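Below are the chains, spelled out letter by letter.
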Amino acid sequence: MKFFVIGITDNPNPFFSPEVLDIIHSGKVFSGGKRHHEIVAPLLPADAEWIDITVPLDAVFKSYNVQCSMLHVQCLIVFASGDPLFFGFANTIRRKMPEAEIVVYPTFNSLQLLAHRLVMPYHDMRIVSLTGRPWPEFDKALILGAQKIGILTDREHTPTAIAQRVIDYGYTYYKIHVGEHLGNPERERISTLSLDEAAQRTFDNPNCVILVCDSCRKKSFGIPDSEFTLLDGREKMITKMPIRLLTLQALDLPSRKVMWDVGFCTGSVSIEARLQFPHLQIEAFEIRPECEAIIHDNCRRFGAPGIGVHIGDFLDADLSAIPSPDAVFIGGHGGKLREIIAKILPALAPDGIIVFNSVTSPMVHTDSHQLWDEACAEFGLKQEQPLRIQLNDYNPIEILKCKRQQSYR
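In short, a report on the structure. Predicted model, so just to flag it, every value in this text is computed and none were measured. (Residues numbered from 1 in each chain as written. Predicted model: local features only at pLDDT ≥ 70, side-chain atom pairs only at ≥ 80, totals over all residues. Heavy atoms only, no water.)

What follows concerns the pairing of strand S11 (residues 258–262). The buried fraction of S11 is high, at five of five residues. Because side chains alternate across S11, one face comprises the buried residues Val258, Trp260 and Val262, and the other comprises Met259 and Asp261, equally buried. The sheet contact formed by S11 and strand S12 (residues 281–286) spans five bridges and is parallel. Within S12, the residue paired with Val258 across the bridge is Gln281. Bridge analysis of S11 against strand S14 (residues 327–330) gives four bridges, and the strand direction is parallel. The partner of Met259 across the bridge, within S14, is Ala327. (Buried < 20%, exposed > 50% of the residue type's maximum accessible area, 1.4 Å probe, protein only. Helix = DSSP H or I, 4+ residues; strand = E, 2+ residues; numbered from the N terminus. Pairing = 2+ DSSP bridges.)

Below, the structure is given as structure tokens:
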């Protein structure tokens, strides 16, 4: 099958080259969104068959095959927004029908049009699509300090929601530009607003956003312990900064994708990992319900969006919908270290790492290092050389690390 994929803007009277017009006039089967159909309907042949692009997409591609077979045609004409290869439908065709022949006739995408209206160079813009996608790539752009972020929106990830998220996590130095109905001479509107103004406004669809700042948030390597909100103000209920950074090093996070933090308490390890390695998906678990407000407060304080928070006994948690980890930090175990490791292992990636900090204290009757050794031996986990460290008058800590060397049964 051959696809002609034609890019259009929101202009109700689109301009097409003679070559593209010939393709349209000779076509039989056409496809696109409902808005695209409204724009191009006057140009289509009287006997044209139109297939709406809606979810689920598998049904759309099934319709393509059925219609083309019934009409004995091998060519299908698709209208898409802007550049069909820019987070566009041409990429979907390549994924769904890798053998198909694709010819693309692009126009400017919405972010290009917005930059043009603002007379803004966009070669240095970091692009994020939130169209049918969750927040992680946007959060990553914020944490990395991108000074210019172009964002494709949808009806959930609106300019209003984007502005509020930026405010919530303290990245308040951005200015927001919003383009609505770009390419439509009657309805196009360009707005340059403060984040507070945008958070109070509603915007017409379709739209897109460019965030711009002159200087970004300073990010330190290691957050001072005194800056965290603590559990009941107890300084001992936080993994100290030097230990925290050594723990992240032991977890080998630059090469990892998903990290679990079991027993997060204040969230210091999760937050430090999020800020230093924003590519990570982090899922944090804690049994104490009062810690939920603490980690959310600390995430906002330090600008660490996107950490998944799970409250309740980890041993009772349903982990089936949570992404499997390739790095796990056990920050608390309540005397059930063996059971926690047993719960982790079925989900842990084949090359996964588990790290645990064992505190040597005369006040603790059960030796957590011994519990760790016993669990590693029972489950066939290969230990690495422990790292022992003592800070000031605190009890010595051993950073313990293991890897799986066989499938868990």
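Alright, that's what it looks like, and here's the rest.
Taken in spatial order, the five strands line up as S6-S7-S10-S8-S9 in an open sheet, and their pairing is mixed. Each having just a single partner strand, strand S6 (126–129) and strand S9 (189–193) make up the two edges of the open sheet. Taking the axes of each pair of neighbouring strands and ignoring which way they run, one obtains an average angle of 15° across the sheet. Of the strands in this sheet, S6, strand S7 (148–152), strand S8 (175–180), S9 and strand S10 (207–212) are in contact with helix H5 (residues 110–118), which crosses S10 at around 60°. On the sheet, helix H6 (residues 136–143) packs against S6, S7 and S10 and is oriented at approximately 155° with respect to S6. (Axes fitted to C-alpha atoms, helices over the stretch in contact; angles between N-to-C directions. Contact = heavy atoms within 4.5 Å.)

Formed by 58 residues in total, the largest nonpolar core has its most connected members in Phe138 and Leu211. A total of five residues in this core trace back to one element, the largest contributor, which is helix H11 (residues 290–302). Ignoring any residue separated from it by four or fewer positions in sequence, one finds Phe138 in contact with Val128, Leu130, Ile151, Ile162, Arg165, Val166 and Leu211. Within the second largest apolar cluster, 26 residues are counted, among which are Leu319, Ile341, Trp372 and Cys402. (Core = buried A, V, L, I, M, F, W, Y, C linked by side-chain atoms within 4.5 Å.)

Residues Val55 and Pro56 are joined by a peptide bond in cis, for which omega reads 0°. Secondary-structure assignment places Pro56 in the loop between strand S3 (49–52) and helix H3 (57–71). A cis amide bond links Asn205 to the next residue, Pro206, at an omega of 0°. A positive phi angle, close to 55°, is found at His72, a residue other than glycine. Along the chain, His72 turns up in the loop between H3 and strand S4 (75–81). Look at His72 and you get exposed, because its relative accessible area is 72%. Look at Phe87: it is not a glycine, yet its phi comes out positive at around 50°. If you trace the backbone, Phe87 turns up in the loop between S4 and helix H4 (89–96).

Looking now at the pairing of S7. Among the five residues in S7, five count as buried, and that is most of the element. The side-chain alternation of S7 yields two buried faces, one formed by Lys148, Gly150 and Leu152 and the other by Ile149 and Ile151. Examined bridge by bridge, S6 and S7 share four bridges and lie parallel to one another. Bridging from a neighbouring strand, Ser129 pairs with Leu152 of S7. After leaving S6, the chain enters H6 and then returns to the sheet as S7, a path that is right-handed. Here five bridges tie S7 to S10, and the two strands are oriented antiparallel to one another. Residue pairing in the sheet places Gly150 in a bridge with Ile210 of S10. (Right-handed = clockwise from strand over helix to strand, strands pointing away.)

A grouping of Val66, Met70 and Leu71 is seen on the molecular surface, where their side chains present a nonpolar patch of about 260 Å² in accessible area. Residue classification places Val66 among the partly exposed positions, given a relative accessible area of 40%. (Patch = residues over 30% accessible without salt bridge, like charges linked within 9 Å, V, L, I, M, F, W, Y side chains within 5 Å. Areas by Shrake-Rupley, 256 points an atom, 1.4 Å probe, with all protein chains shown as cover. Salt bridge = Lys/Arg side-chain N within 4 Å of Asp/Glu carboxyl O.)

Under the counting rule described, the total for this entry stands at 15 aromatic pairs. Between Phe61 and Tyr64, the aromatic rings sit 5.2 Å apart at their centres with planes inclined by 70°, giving edge-to-face as the arrangement. In this pair, Phe61 and Tyr64 are both assigned in helix H3, three residues apart and thus about one turn of the helix distant. Since its relative accessible area comes to 6%, Phe61 is described here as buried. Pairing Trp260 with Phe285 gives two aromatic rings, centres 5.3 Å apart and planes at 65°, and the pair type is edge-to-face. Linking Trp260 in strand S11 with Phe285 in strand S12, this pair joins segments that are 25 residues apart in sequence. Overall, the relative accessible area of 0% leaves Trp260 in the buried class. Among the aromatic residues, ring-to-ring pairing joins Phe3, Phe61, Tyr64 and Phe89 into one connected group. (Phe/Tyr/Trp six-rings, centres within 6.5 Å; stacked < 30°, edge-to-face > 60°.)

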